[in-house]
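Spelled out, the chains give:
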Amino acid sequence: ARGGVSCKKKDVLRLQYKEYEENKTALLEGLSSAINFIKEQCIYTSVDLPYTSQLIPLSVAFAIDKNLWFNAKNKEKLTQWYWCGVFGELYGGANETRYVTDVQGLMRWTQNDDEKPDTVERSNFFATRLHQLSTRNSAAYKGVMALILKNHCKDFISGSEMDFASYVGEATDIHHIFPANYCDKEGIDSKQWNSVINKTPIYARTNRIIGGYAPSKYLNSIEKNHGVTKDKLDEYLKSHLIDVDAIRSDDFATYFTNRAEAIYDLIERATGKEVAGRENANSESVDDVIIEEQEI
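A brief look at the structure comes next. Please read all numbers here as calculations on a predicted model, not as lab measurements.

1. Considerations on the packing of helix α13 (residues 215-225) against helix α14 (residues 230-238)
At a closest axis distance of 10 Å, the pairing of α13 and α14 adopts a crossing angle of 130°. Here α13 lies oblique to α14, going by the angle between them. The two elements α13 and α14 meet at a crossing, and its hand is right-handed. Contacts from L219, I222 and E223 of α13 reach α14 at K230, L233 and L237. When its residues are assigned to classes, the contact of α13 with α14 shows 4 nonpolar, no polar and 2 charged.

Pasting the structure below:
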């Protein structure tokens, strides 16, 4: 746009074909690099992508200078920016202005550590928000699952790490750790057992074996019928941020609290920012949270 940087629809329509031709290759390469970056964040399918809109500034950043992000420090900054966008839930509305400010901010940030992009500055995640997430309708929900995958989580039975090949090949999906049927029978609040805190990526075959049984029962079955030692199974459970003692004794309350704390830690490491209100989150009602899940 004349007189400044803008990417509103009118500015895109004003572009000349020659300008498109001159930049087409760089933009396509930028998109390809952005997709590779997304895979590195353990986001493997389109349904698991937190924001399609955030691909735009990400692709542009790579298109401007892909070698810039080969620098380790700059790559860390780009990664922090990405997760701040996801957990700040900042790419869910009209984003044309944010595209510009973030791209310009990212470029400045590579030159000056104090020049953080607007998305990094504004990103804020409240601990009670985690309790409210229950479906893929929210970017933060998808972000939590990706961070668990980045934690090198392993299948409960095979012990295989859930990388791209196994995630897709084994028809992996997000399932309850304390099964829904068991929780219903035990009178556990559905707002707890159906939250992201009680979910994790699980292979389809493994989920069928888990069924609706108490955790102590399905863990015993895995050891007895599938050749997994107790020590190995404990290792696999820990890779999903699961409190081993609590799950083996069917202690949902302890398990739930400790897993929430572990997920807060993941979010803080990814965003470089503290999760607000985590010290009181487990004592507050999900009904008190005013942010609602919205389709993205």
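Right, picking up where we left off after that structure.
2. Re the packing of aromatic side chains
The relative placement of two aromatic rings is captured by the distance of their centres and the angle of their planes. Tallied over the entire structure, the rule returns 17 aromatic pairs. Ring centres of F178 and Y182 lie 6.1 Å apart, and the angle between their planes is 45°; this geometry places the pair in the tilted category. Take Y182: its relative accessible area is 12%, and that puts it in the buried class. Each residue in the set F37, Y51, F62, W81, Y82, W83, F87, Y91, Y99 and F125 is aromatic and connected to the rest through ring pairs, giving one cluster.

3. Concerning α14
Within the sequence span of α14, burial applies to L233, D234, Y236 and L237. Angularly, the buried residues of α14 cover 160° about the axis, an arc narrow enough to put them on a single face. Among the exposed residues of α14, those oriented more than 90 degrees off its buried face are D231 and K238. On the buried face of α14, the contacting elements are α13 and α15 (244-248).

4. Points about the pattern of salt bridges
For the coordinates displayed, the defined rule picks out 19 salt bridges. Across the salt bridge formed by K75 and E40, the nearest N and O atoms sit 2.9 Å from each other. One end of the pair, K75, is in helix α4 (residues 72-87); the other, E40, is in helix α2 (residues 17-40), with 35 residues separating them in the sequence. One salt bridge connects D113 with K73, and the closest N-O pair in it is separated by 2.9 Å. With D113 in the loop between α5 (96-111) and α6 (118-122) and K73 in helix α4, the pair connects residues that are 40 residues apart, well separated along the chain.

5. Here we look at the pairing of strand β2 (residues 199-202)
Burial of β2 is two-sided: the residues K199 and P201 facing one way and the residues T200 and I202 facing the other way are all buried. Across 4 bridges, strand β1 (residues 173-176) lies against β2 in antiparallel orientation. Of the residues in β2, the one forming a bridge with H176 is K199.

Rules behind the numbers
- Residues numbered from 1 in each chain as written.
- Predicted model: local features only at pLDDT ≥ 70, side-chain atom pairs only at ≥ 80, totals over all residues.
- Heavy atoms only, no water.
- Axes fitted to C-alpha atoms, helices over the stretch in contact; angles between N-to-C directions.
- Helix = DSSP H or I, 4+ residues; strand = E, 2+ residues; numbered from the N terminus.
- Parallel < 35°, antiparallel > 145°, perpendicular 65-115°, else oblique.
- Left-handed = near helix turned anticlockwise from the far one by under 90°.
- Contact = heavy atoms within 4.5 Å.
- Nonpolar A, V, L, I, M, F, W, Y, C, P; charged D, E, K, R; others polar.
- Phe/Tyr/Trp six-rings, centres within 6.5 Å; stacked < 30°, edge-to-face > 60°.
- Buried < 20%, exposed > 50% of the residue type's maximum accessible area, 1.4 Å probe, protein only.
- Arc of directions from axis to C-beta.
- Salt bridge = Lys/Arg side-chain N within 4 Å of Asp/Glu carboxyl O.
- Pairing = 2+ DSSP bridges.

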